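Geometric and topological summary
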Amino acid sequence: MADFTQIWTEKYRPSKLSEMINQRHIVSRLEAFVKDGSIPHLMFAGPPGVGKTTATICLARELFGEHWHDNYFELNASDERGIDVVRVKVKDFARTRPLGGDFKIIFLDEADALTKDAQQALRRTMELFSKTCRFVLSCNYPSKIIEPIQSRTVVFRLKSFVDADIKILIEKVAKKEGLTVDKEAYDALTEIAAGDARYVINLLQASAALNNHVTREDVYEASARAKPEDLKKMMDLAIAGKFSEARSVMLSLLVTKGVSGDLIIKEMHSLIVNGSLADKKKAELINIIGEFEFRMLEGATEVIQLDALLARIASLRRENV
Ligand SMILES: Nc1ncnc2c1ncn2[C@@H]1O[C@H](COP(=O)(O)OP(=O)(O)O)[C@@H](O)[C@H]1O
Ligand SMILES: [Mg+2]
């Protein structure tokens, strides 16, 4: 039976740089730092779930060995109440001597959540403690980090996982947990995860909650995503002017499957953009969808807006005949 006493993303977080899948271009440079026994200030930029935190922890483990916990301190910039808290905590941590090394690592996660003023203060803190501390910052967008910090750090850009690497990751976890994963389930996991390693592992764990055999159904159920064929059925019915039937598919997605309204609209949009309708028809539908997406963002009731959207699409048919 698969293990549900732990969160798999933590259980399978690589503890050595060499175990990291993907990001080879970065890993080899980080390994060179480890060999030197020293690192500059670093910045890891990239989308969620691609190894920013993992790379930092691996570095700390390899640089400090068993004492790594004493020399490593992690702060989330978006959780902490402003830069003052960061400063005090950093000061407290930086005050004591590093154990078994020359410096400590301070990992500041989501540094791009700090305001520009807070970043200026952070820059001064970095300067103040640079003898005993190396700062590792993570962010989604390096352009949101002020230039004086960027220029003090070596910036690494981590990329989303390509599908083949997501597949390697799924295989690895499935094997360790004794899961059988159907080919179609692999495809669904990969498609939904869109290059996010954390998301795919979480989704795999949720999909395996009922039994060790993971099917495509399980994945869609666990992800609260609409299956493309259900969406297509709903759209085809609406386009054919069959409002009530389209509506019942929509309700089953929304109510029974728990798919959110904005996701239904987003996926309708991509279905049409990538579909084979004539351009004129495509443009007409996309226009309508855009309008309803806007209303939903403004806070209008989901089910009423989806009803109205399907009604509008269904009425096109009548106008045309
Ligand atoms: N390069 C990688 N190789 C293997 N697993 C990874 C890799 N990157 C991320 N993961 C998995 O995804 C989880 C989240 O990664 P993390 O490093 O926390 O992402 P983030 O970039 O958001 O900091 C990890 O716990 C690990 O299970
Ligand atoms: Mg992280």
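On a predicted model such as this, the values are computed, not experimentally measured, just so you know.

1. Regarding the domain arrangement of the protein
- Domain annotation of the protein identifies domain 1 (23–157), domain 2 (163–223) and domain 3 (228–320).
- One C-alpha centre belongs to domain 1, the other to domain 3; they are set 45 Å apart.

2. Things to note about helix H5 (residues 116–128)
- Its 13 residues give H5 an end-to-end C-alpha distance of 19 Å, which sits within 8% of 18 Å, the value for a rise of 1.5 Å per residue.
- All buried positions along H5 are accounted for by Gln119, Leu122, Thr125 and Met126. Buried residues of H5, viewed axially, fall in a sector of 110 degrees; they line one side. Exposed side chains of H5 directed beyond 90 degrees from the buried face belong to Asp117, Arg124 and Glu127.

3. Some thoughts on unusual backbone geometry
- The backbone of Gln23 sits at a positive phi, close to 55 degrees, despite the residue not being glycine.
- Mapped onto the elements, Gln23 comes out in the loop between helix H1 (8–11) and helix H2 (24–36).
- With a phi close to 55 degrees, Glu110 is a non-glycine residue in the positive phi region.
- Mapped onto the fold, Glu110 is located in the loop between strand E3 (104–109) and H5.
- Accessibility expressed as a C-beta count within 10 Å gives 18 for Glu110, which makes it partly exposed.

4. Overview of the site of ligand 1
- Near ligand 1 lie 21 residues; those nearest to it are Arg13, Gly51, Lys52, Thr53 and Thr54.
- Those elements that place two or more of their residues in the shell around ligand 1 are H1, helix H3 (52–64) and helix H9 (197–207).
- Classifying every residue of the shell around ligand 1 by side-chain character gives nine nonpolar, eight polar and four charged.
- Looking at the shell around ligand 1, you find at least three residues from each of domain 1 (23–157) and domain 2 (163–223).

5. Quick look at the packing of helix H7 (residues 163–177) against helix H8 (residues 183–193)
- Put simply, H7 and H8 touch, their axes get as near as 10 Å, and they point 120 degrees apart. The angle between the axes of H7 and H8 places the two elements in the oblique class. Between H7 and H8 lies a crossing whose hand is right-handed. Contacts between H7 and H8 involve Asp163, Ile166, Lys167 and Ile170 from the first element and Tyr186, Leu189, Thr190 and Ala193 from the second.
- Along the lines of polarity and charge, the residues of the contact of H7 with H8 split into five nonpolar, one polar and two charged.

6. What about the environment of Ile201?
- Along the chain, the position of Ile201 falls in helix H9.
- Non-local contacts of Ile201, meaning those with residues more than four positions away in its chain, are made with Trp8, Thr9, Tyr12, Leu169 and Val173.

7. Thoughts on the pairing of E3
- Within E3, six of the six residues are buried, which leaves it mostly tucked inside the rest of the structure.
- Where burial is concerned, the two faces of E3 agree: the one with Lys104, Ile106 and Leu108 and the one with Ile105, Phe107 and Asp109 are both buried.
- Where strand E2 (residues 72–76) meets E3, five bridges bridge the pair, whose relative direction is parallel. Within the sheet, the bridge partner assigned to Asn76 lies in E3 and is Asp109.
- In terms of strand pairing, E3 meets strand E4 (residues 133–139) through five bridges, oriented parallel. Considered in E4, the bridge of Ile105 is made with Arg134.
- Regarding the hand of the β-α-β motif, the stretch spanning E3, H5 and E4 is right-handed.

Criteria and cut-off values
- Residues numbered from 1 in each chain as written.
- Chains lettered and ligands numbered in written order.
- Predicted model: local features only at pLDDT ≥ 70, side-chain atom pairs only at ≥ 80, totals over all residues.
- Domains from an automatic or database assignment.
- Helix = DSSP H or I, 4+ residues; strand = E, 2+ residues; numbered from the N terminus.
- Expected span 1.5 Å × (residues − 1).
- Buried ≥ 20, exposed ≤ 12 C-beta atoms within 10 Å, placed from the backbone.
- Arc of directions from axis to C-beta.
- Near = placed C-beta within 6 Å.
- Nonpolar A, V, L, I, M, F, W, Y, C, P; charged D, E, K, R; others polar.
- Axes fitted to C-alpha atoms, helices over the stretch in contact; angles between N-to-C directions.
- Parallel < 35°, antiparallel > 145°, perpendicular 65-115°, else oblique.
- Left-handed = near helix turned anticlockwise from the far one by under 90°.
- Contact = placed C-beta atoms within 7 Å.
- Pairing = 2+ DSSP bridges.
- Right-handed = clockwise from strand over helix to strand, strands pointing away.

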